[in-house]
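# Secondary and tertiary structure notes
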Amino acid sequence: MDLSAINPVLLIASLMVAATPILLAAIGELVVEKAGVLNLGVEGMMIVGAISGFAISVETGSPWLGFLAAAIGGAVLSLLFVLLTQVALANQVASGLALTLFGLGFSSLMGQGYVGVKPPQMDKLNIPVLTDLPVIGPILFGHDPVLYLGIALTAAVWAMLKYTRMGLVLRAVGENHDAAHALGYKVVRIRIMAIMFGGACAGLGGAYISLIRVPQWTEGMTAGVGWIALALVVFASWKPWRALLGAYLFGGVTVVQLNLQAAGVAIPVEYLAMSPYLITILVLVILSADKSRAPASLGRIFHATH
Amino acid sequence: MIVLEKRPQPSQAWSMATPAVAVLATMVFGGVLFAALGKNPIEAIQTIFWEPLFGEHASYYRPQLLIKGAPLVLIAIGLSLGFKAGIWNIGAEGQYIMGAIVGAGVGLAFYPLEAWYIFPLMIMGGALGGWFWAMIPALLKVKFGTNEILVSLMLVYVAEQLLASMSLGLLKNPQGYGFPGSRNLQSYDSAHNAELFAGTGMHWGVVAALIAVIFAYVLLNRHMLGFHIRLTGEAPRAAKFAGVHPSRLILFCLGTSGMLAGLAGLFEVAGPAGQITIDFNVGYGFTAIIVAFLGRLHPVGILLAGGVMALTYIGGDIAQSKLGLPASAIQVFQGMLLFFLLALDLLTNYRIRAARKEVA
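Conventions and cut-offs
Residues numbered from 1 in each chain as written. Chains lettered and ligands numbered in written order. Predicted model: local features only at pLDDT ≥ 70, side-chain atom pairs only at ≥ 80, totals over all residues. pLDDT = per-residue confidence, 0-100. Helix = DSSP H or I, 4+ residues; strand = E, 2+ residues; numbered from the N terminus. Expected span 1.5 Å × (residues − 1). Buried ≥ 20, exposed ≤ 12 C-beta atoms within 10 Å, placed from the backbone. Contact = placed C-beta atoms within 7 Å. Nonpolar A, V, L, I, M, F, W, Y, C, P; charged D, E, K, R; others polar. Pairing = 2+ DSSP bridges. Axes fitted to C-alpha atoms, helices over the stretch in contact; angles between N-to-C directions. Parallel < 35°, antiparallel > 145°, perpendicular 65-115°, else oblique. Left-handed = near helix turned anticlockwise from the far one by under 90°. Core = buried A, V, L, I, M, F, W, Y, C linked by C-beta atoms within 7 Å. Bend = angle between axes of the 7 residues up to and from the residue.

Our next topic: the confidence of the model for chain B. In this model, chain B carries an average pLDDT of 85, and 98% of its residues clear a pLDDT of 70 or more. Here the prediction assigns the complex a pTM of 0.88, and the interface score ipTM is 0.84.

The following block contains the structure:
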């Protein structure tokens, strides 16, 4: 065992990379849940985003187009959830599960020809002086653009929910859909937009795993990240900045665990690999005492009678 | 304009018809999918639904129907109890793995002793393993109000890691030339869940599944606890006034479904699978969710639905070898089925009407 081989600067830099897929998916789901919809299909939308992004960037040679395709892929899949829950008024828990089961199958069907292929790389940020700074450079200025997009998205969602009229309406719909409907807001239309935004974000998160974090395609490669993102929204009490904090915490656990595996710690690999999931449970237990922050209409079906 | 009008009571006729309509719709859209993959859709559908039952080699495939159907029915019966009451155990896959690990562990602990009591002890071990794994989300939900969906699912990943660790370490076959995986229980008579009648596919797991169906039917129709389960799902407020203890219900529903999933795992590892390996679990715990909904959460319905899903597994295997249909296409097919079921449920609870133009 050689713990001195672990470089703290690299550790923090790779922690940010590991956290980004969780963050992207969680921010999307946060908006969905703020609108009063519980979409358990995050894992399915992520994996479909992962393969759509991977396939398009391999075919076109452009990672940017890949990420665009991933967002579209996630959003299109979320439309199925829209059909089930907003049009056919089906149970949201069951519909989310359906989305995940379908997405996992669909992605491995689409991904058949892409196993073992290397995707084109996305250029990392390179600002002449800043990136070369010791310690700060690699941590703050040496990442791919999508990582910064994730942080920017967190800020944007925070500002949108807090300061804009749109955010207020979204929250109203999520807190009390009947009252929002009575005030003349289009509950279903607003929810559809939120669900599609959530799908696009999950798709981006998935593509981040297949294009940057790993980068290659294997079946079921999201391995529960979508579910961790769902847990993260609870952890964050539906607040964007706390979601960022939480994502870094989970990213940290993942990276430290991987580093310990590489350093050959006496704990068996399998037990280290369990740790992110166990910590998710632990965090959920600690935070589940306070449910007051959850949007009041979360998971309830809305049917306008008049 | 079309409007939805809520029915005063769910339509019985549609409730019975939706699973059949959903299967038909899935066949049509599945056919489109297979055509898009460059296969003859009619041939593919026929291979999946007809070949295993009445085809040339049906005598080989029919027993498979019981082997694949039993774990699905066993798990789905347990899940349906919780789903009825709004308690969502989606970690059956993990409980299935734990049942197999504990059950096989009990059996292997006795190796090479031959005795009649080993297999019953293994059954108890399997049930306890699954029960214990499901009690984690149950107790956390009761004590702290933690979301059982997320906890039970996280525990699937933990169980998969444990499975890997077991097949590489503790339960590894000492005479296996270093290959991962436990001793094969099929060649250990006292622990082998053998066919009860040769060539039928009938093993103890099938018997257990049938008992579970009867048990669930009696529970839901003739027992106070079953009434409480249905009441909690259909009218939570009324359930409160009727004196239903939510925590007792959570412990019972999650515990029972975990136990049944654990049993399914034990019967699989001691019978058809034979040994603990890294890729022992094949997703029965997740497919059982579809089975539970396809059976409309009704015990008899689940029995039939388990048969249909088993058919898609076997037919899918045949289509894979005969037509080169990818294995994941069947997974998509099964996912589609759940979609259509949920969407068509609309017709059970609502009436679709053409809206009259109202003059403001």
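Next up on the list: the environment of Ile267(A). Among the structural elements, Ile267(A) can be located in the loop between helix H11 (240–263) and helix H12 (269–287). Linking Ile267(A) and Arg300(A), residues 33 residues apart in sequence, is a C-alpha distance of 44 Å.

What follows deals with helix H14 (residues 327–344) of chain B. An ideal rise of 1.5 Å per residue puts 26 Å on 18 residues; H14(B) measures up with 27 Å between its terminal C-alpha atoms. Among the 18 residues in H14(B), 15 count as buried, and that is most of the element.

We now examine the interface of chain A and chain B. Opposite the 40 residues of chain A that make contact, chain B presents 36 residues. Elements represented by at least two residues in the side of chain A that touches chain B include exactly helix H3 (63–87), helix H4 (92–110), helix H10 (225–235) and H12 of chain A. Ranked by residues supplied to the side of chain A that touches chain B, first place goes to H4(A) with twelve residues. Residues belonging to the side of chain A that touches chain B are distributed by class as follows: 30 nonpolar, eight polar and two charged.

Another aspect to go through is the pairing of strand S1 (residues 2–6) of chain B. All names here are of chain B. Counted residue by residue, S1 has zero buried out of five residues, so it is predominantly exposed. Where S1 and strand S2 (residues 350–354) come together, five bridges link them in antiparallel fashion. Within S2, the residue paired with Ile2 across the bridge is Ala354.

On to the packing of helix H1 (residues 8–34) of chain A against helix H6 (residues 145–163) of chain A, then. All names here are of chain A. H6 packs onto H1 with a crossing angle of 25° between their chain directions and a minimal axis gap of 9 Å. What the angle tells us is that H1 and H6 run roughly parallel. As H1 runs across H6, the sense of the crossing is left-handed. Here Met16, Val17, Thr20, Leu23, Leu24, Ile27, Leu30, Val31 and Lys34 of H1 lie close against H6, whose contacting residues are Val146, Leu147, Gly150, Leu153, Thr154, Val157 and Leu161.

Time to look at the nonpolar core. In terms of nonpolar packing, the biggest core is built from 218 residues, with Ile22(A), Ala26(A), Leu232(A), Leu74(B) and Ile75(B) touching the most fellow members. Among the elements that line this core, the one with the most residues is helix H9 (residues 187–213) of chain A, at 16 residues.

This part covers the environment of Gln64(B). All names here are of chain B. Position of Gln64 relative to the elements: it lies in helix H4 (residues 58–84). The class of Gln64 is partly exposed, set by 18 C-beta atoms lying within 10 Å. For the pair Gln64 and Ile314, spaced 250 residues apart in sequence, the C-alpha to C-alpha distance is 7.2 Å. With residues near it in sequence (within four places) discarded, Gln64 still touches Gly201 and Ile314.

On to H4(B). Residue and element names in this part refer to chain B. Helix length check: H4, at 27 residues, gives a terminal C-alpha distance of 36 Å against a target of 39 Å (1.5 Å per residue), a fit within 8%. At Gly69, H4 shows its largest kink, close to 30°, and the proline Pro71 lies no more than four residues downstream. Among the 27 residues that make up H4, 21 are buried, leaving the element largely enclosed by the rest of the structure. Gly86 sits one or two positions beyond H4 and adopts a positive phi of about 75°.

This paragraph deals with unusual backbone geometry. All names here are of chain B. The backbone of Arg296 shows a phi angle near 55°, a positive value even though the residue is not glycine. One can find Arg296 in the loop between helix H12 (284–294) and helix H13 (299–323). With 19 C-beta atoms packed within 10 Å, Arg296 lands in the partly exposed category. Not every positive phi belongs to a glycine, and Leu297 is a case in point at roughly 60°. Within the element layout of this structure, Leu297 appears in the loop between H12 and H13.

Another aspect to go through is the packing of helix H2 (residues 41–49) of chain B against H13(B). The geometry of a pair of packed helices is captured by two quantities: the angle between their axes and the separation between those axes. Residues and elements named next belong to chain B. The interhelical angle for the contact between H2 and H13, taken along N-to-C directions, is 130°, at an axis separation of 7 Å. The angle between H2 and H13 falls in the class oblique. For H2 against H13, the interelement crossing comes out right-handed. Contacts between H2 and H13 pair Glu43, Ala44, Thr47, Ile48 and Phe49 from the former with Leu311, Thr312, Gly315, Gly316, Ile318, Ala319, Lys322 and Leu323 from the latter. In terms of residue class, the contact of H2 with H13 is made up of seven nonpolar, four polar and two charged.

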